[in-house]
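# Summary of the model geometry
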Amino acid sequence: MGNCCKPSHTLPPMSVPPSHQTPGQGLAAAEVRKPWRAWWRRQAPHRQDRFAALAPLVAVVLFLAAIASSFLYLRLEEIDREQEAVKRDVEYAQQQIRLRLLERQEQLMRVARDAANEEIDVEEFVSRAQSLISQYPELQAVSWIDERRRIKTSYAAPSLHTPLMRMVDDVLRPGETETNFSLARDLHQPVYGQPLGTAGDPTPLLQLHIPLTDRGRFAGVVLAEYGTDALLRHGVPAEVLNKYAVALVASDGRMLAGTVMPPSTSGSRLLPWSSQAEPYEIPVSPVGNGLVLRAQAYRTSQGVVGSGLFWLVGALSVLTAWMLIGSWSHTRKRQQAQQALMAETNFRRAMENSMLTGMRAMDLQGRITYVNAAFCQMTGWSEGELVGRTAPFPYWPEEDLEYLIARLEDELNGRSTPSGFQLRIKRRDGSIFDARLYISPLIDAVGKQTGWMASITDITEPNRIREQLSASYERFTTVLEALDAAVSVAPLGSPELLFANKLYRQWFGSQTHGHESLVARAGMPSMPPNDEHLDDVDAYAGLPTDSLTTSDAESAEIHVAELGKWLEVRARYLSWVDGRLVQMVIATDITPRRLAEEQAAHHAERAQTSSRLITMGEMASSVAHELNQPLAAITNYCNGMVSRLNGNGIAHEDLLAALEKTSRQAQRAGQIIHRIQSFVKRSEPKRSLSNVQDIVQESVELAGIELRRRNVRLSHYVAARLPPLMVDPILIEQVLVNLLRNAAEAIDSAQRPPQRRNIELRVLPRQEADVPGIEFAVTDTGTGLAPEVMEHLFEAFFSTKAHGMGIGLNLCRSIVESHMGRMQAENIYNGSECMGCRFSFWIPLAKAANALPNPANAAKTPGVPA
Ligand code: ADP
């Protein structure tokens, strides 16, 4: 205790206990508490709740157990005490009986002595016996028996059962003689005998044999017989008899006198309701083991009181436990409700905090009572700065004060509109944003209005989006309006026009007939292609609009007479904003393009004619040479005829023959001129079913003029029974002549020896991509095509020749392609040596040409009219 005044350093000053507690004690208590507290804090809240709920129950059970054990203890104590009392009382009773027996014995011994000394005679003996018996009720009979076991005299109480009375001169019964009589004779001492009771004898008697000794000689006995019942009644004190069931019992357990308790039926004596105590037995002293005094306590009222108390405590405990369980389950329900409430509160708080809408509550006087996190975040003012404020609020821009005060007036008077109103809010940093405010009354739990709740949404972003949207809409419409194409959108099978741009409105007005007529004239379906097995009640039910809307737009070029314009019409299906399937038509004015195309075609035609003229110009010397022959022949024939006519005359037949020859030559010359004329004649391109053989023949004849001049041989082969071609024969001839001339020029410039100056023309039927047609192929023995030449072969104005124009092959390909044909060139090799080249073109047959997949090719080929 020496250090009790020193403050403890191990504890913080706060935890120093009050003055009456020493620091050491406090420390110990704190140390004991600490792990307990730590353990308690470690527990999960639901476990803590469980412990808190179970602890009283456990306490009640423990209390009940303590009560029960203390009852048990008290009961054992009581039994012990009872046992002690029984022992004491029984010993006292035994003492009383003993004293009584000894007194009687003493008196009887005096009688016996007197009798032995013959101081008294038989009468005197009887009178003494009579006085004893009348004086002591337990004494039932006194008899004088001589040494020969004969009864000298006997006196019995009148109440004694008659069969037990002894008659004078009777002899003792053999059993009696055997035991007690003989024993008294031999021992010279008084002998108590086993009480004898015959069957049906209600009063078993205790015998006392007192020997008579006459100067050392055995002279018989005085036999005193005690009634056990009377002995009990008079020997045992009354208070003992009252308290216990007292009985005299023989050594063999036979009940001699007294009351007997019924055997216990209710289990253990220890139980509080047990009514029986343990019996106590003690031998009655002068008699010895032959007579036993037994006593058993009656159950006193204490047991009843004890058991009543026990039941009361038990009932109270059960009641307490029941109430505890009840309150426990009630607490659990409360806890569940509390948890649900907490979950709800947390949920609401989370919702409130996650909400982007600002909430502000106001009482009826216009004082802010609540703001949520979103409102604080929006305005930059904290909850503490806003709650309790009245107008003007810090988030009101000064310039809007008047407007906002009026609005607040409306709000407080319940005049605000459900659609809310727009206002500007000033943030703490001075920046301003647009917001929309909605007001609703704040009703409390009892239905009374306590204020107004306002929800505020920042509409800067929606405003910006709306502005952007309207700007983009404006841009979109500006673009569409400025488009030099008419755009219209109409739902299928409905006269409604969903959209039409400026050009459409200019051309067709704001009616849908323009849209419809464009679709009709372009030969497009105003309905999407409908499957036959689709539902015919609703034509569009289940129609895969995706495939329709994503499919390629159809297009057609039409001439609209009302407008005097050529229009290219494109139509496609769209899924409209409301989900309807609509058709969009875009009509572009292509009149200038059409005109240009027509002009180009015209130019091309002229170019072809010019090209043919050029060809002829180039062939002029050859043609002159060719014409020279018939003309020279004609001149010769004419000169011959003239000289013959001037000379000796000419026979009629000779003249006729000469004239015929002249005419043939003239015809030949005329043919040449005619052929050239028809080749170069400027005419509209016209297609007709033409015989391939004729075309080839005409071309060979024309080209032959040049070929002959260049000393080049031409062999040609045309397959038999070729079908006619739907072509312009002059154009095909132009192609052939061009190819044959190029071939001849190539051979000439390669300066081939005469045996290698050959051109081969083969015309054969051939299919290309399953389309039947006829192929024309010209093979020469020239130098072939160099790679750089091959690259630019068909380009206009590409030529390797000094005086070449370079438009021949370009025109040839245009002509072939305008007949939906293909043209190509390739070199012919013999090993690595180039042996010449082969130009070929393929023209489809008339029927096949119609069925070709893309007839638009014809229109798209520049420079050639379809
Ligand atoms: P041009 O004959 O006026 O030069 P073309 O268009 O007919 O114009 O021919 C273009 C060029 O193609 C020629 O300059 C020539 O170089 C080459 N070419 C055409 N045909 C042949 C051929 N059979 N063999 C070799 N080169 C040829």
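Within an unreviewed UniProt entry, the label attached to the protein chain reads histidine kinase, and the organism entered is Pseudorhodoferax aquiterrae. Check the Catalytic activity (unreviewed entry) section of the UniProt entry for the protein chain; it says "ATP + protein L-histidine = ADP + protein N-phospho-L-histidine."

On to the overall build of the protein chain. Check the secondary structure of the protein chain and you find 23 helices and 26 strands. Within the protein chain, the fraction of its 866 residues that count as buried is 38%. At a minimum sequence separation of 6, the contacts of the protein chain that also span at least 24 residues come to 57%. Working note: accessible area of the protein chain is about 49,200 Å², and carbon and sulfur atoms make up 56% of it.

With that settled, consider the packing of helix α2 (residues 45-116) against helix α3 (residues 122-135). With their axes 11 Å apart at the nearest point, α2 and α3 run at an angle of 175° to one another. Between α2 and α3, the angle falls in the class roughly antiparallel. Note on element contacts: α3 touches α2 through F125, R128 and L132, opposite Q107, L108, R110, V111, D114 and A115. A class-by-class count of the residues in the contact of α2 with α3 yields five nonpolar, one polar and three charged.

Here we take up the packing of aromatic side chains. Enumeration over the complete set of coordinates arrives at 15 aromatic pairs. An angle of 10° between the planes, with centres 5.5 Å apart, marks the rings of F393 and Y395 as stacked. Given a relative accessible area of 2%, F393 falls into the buried group. Its relative accessible area of 2% is what places Y395 among the buried residues. Plain terms: the ring middles of W507 and F508 are 6.3 Å apart, the flat faces sit at 90° to each other, and that makes the pair edge-to-face. In this structure, W507 and F508 share a single accessibility class: buried. Taking the ring centre of Y136 as reference, the NZ or CZ of R104 above it sits at 3.2 Å.

The subject of this paragraph is the side chain of E568. Assignment of secondary structure puts E568 in strand β18 (residues 565-575). With a relative accessible area of 15%, E568 lands in the buried category. Residues contacting E568, with those up to four places away along its chain left out, are S555, A556, E557, I586, A587, T588 and I590.

Cis geometry is found at the peptide bond from A391 to P392, where omega equals -5°. Secondary-structure assignment places P392 in the loop between α9 (383-386) and α10 (401-412). Of note, the phi angle at R149 is positive, near 70°, even though the residue is not glycine. With respect to the element layout, R149 can be found in the loop between β1 (139-145) and β2 (151-156). When its relative accessible area of 25% is taken as the criterion, R149 is described as partly exposed. Although it is not a glycine, Q751 sits at a positive phi angle of roughly 50°. Along the chain, Q751 turns up in the loop between α19 (729-749) and β23 (758-768).

A contiguous nonpolar surface patch, about 650 Å² in accessible area, is contributed by L309, L312, L316, L319, W322 and M323. Within the secondary structure, L316 is located in helix α7 (residues 301-354).

The strands making up a sheet are joined through hydrogen bonds of the backbone, oriented either antiparallel or parallel. Strands sit in the order β21-β23-β24-β26-β25 across an open sheet of five strands; the sheet is mixed. Each of the sheet's edge strands pairs with one partner strand only, and the pair in question is β21 (713-718) and β25 (822-830). In this sheet, neighbouring strand axes are inclined to one another by 20° on average, regardless of whether the strands run parallel or antiparallel. In this structure, β23 lies alongside strand β24 (residues 771-779), joined through nine bridges in antiparallel fashion. Following the sheet pairing, R762 is matched in β24 by A777. Across the sheet, helix α18 (residues 692-710) is in contact with β21, β23 and β24; its angle to β21 comes to roughly 175°.

Here helix α13 (residues 513-521) has its buried residues at G514, H515, L518 and V519. Considered in projection along α13, the buried side chains sweep an arc of 135° and stay on one side of the axis. G523 lies just past α13 and shows a positive phi near 70°.

Attention shifts here to the pattern of salt bridges. Side chains carrying opposite charge are able to pair once their charged atoms draw close together. Scanning all chains against the criterion turns up 46 salt bridges. The shortest N-O distance in the salt bridge between R367 and D363 comes to 3.9 Å. For R367, a relative accessible area of 37% translates into the label partly exposed. Put simply, D578 and R580 hold a salt bridge, and the shortest N to O gap is 2.9 Å. One network of salt bridges, in which partners are shared, links E706, R709, R710, R741, E745, D748, R757 and K801.

What counts, and where the lines are drawn
- Residues numbered from 1 in each chain as written.
- Predicted model: local features only at pLDDT ≥ 70, side-chain atom pairs only at ≥ 80, totals over all residues.
- Heavy atoms only, no water.
- UniProt positions renumbered as here; feature names shortened; annotations may be inferred.
- Helix = DSSP H or I, 4+ residues; strand = E, 2+ residues; numbered from the N terminus.
- Buried < 20%, exposed > 50% of the residue type's maximum accessible area, 1.4 Å probe, protein only.
- Contact = heavy atoms within 4.5 Å.
- Areas by Shrake-Rupley, 256 points an atom, 1.4 Å probe, with all protein chains shown as cover.
- Axes fitted to C-alpha atoms, helices over the stretch in contact; angles between N-to-C directions.
- Parallel < 35°, antiparallel > 145°, perpendicular 65-115°, else oblique.
- Nonpolar A, V, L, I, M, F, W, Y, C, P; charged D, E, K, R; others polar.
- Phe/Tyr/Trp six-rings, centres within 6.5 Å; stacked < 30°, edge-to-face > 60°.
- Lys NZ or Arg CZ within 6 Å of the ring centre and 35° of its normal.
- Patch = residues over 30% accessible without salt bridge, like charges linked within 9 Å, V, L, I, M, F, W, Y side chains within 5 Å.
- Salt bridge = Lys/Arg side-chain N within 4 Å of Asp/Glu carboxyl O.
- Pairing = 2+ DSSP bridges.
- Arc of directions from axis to C-beta.

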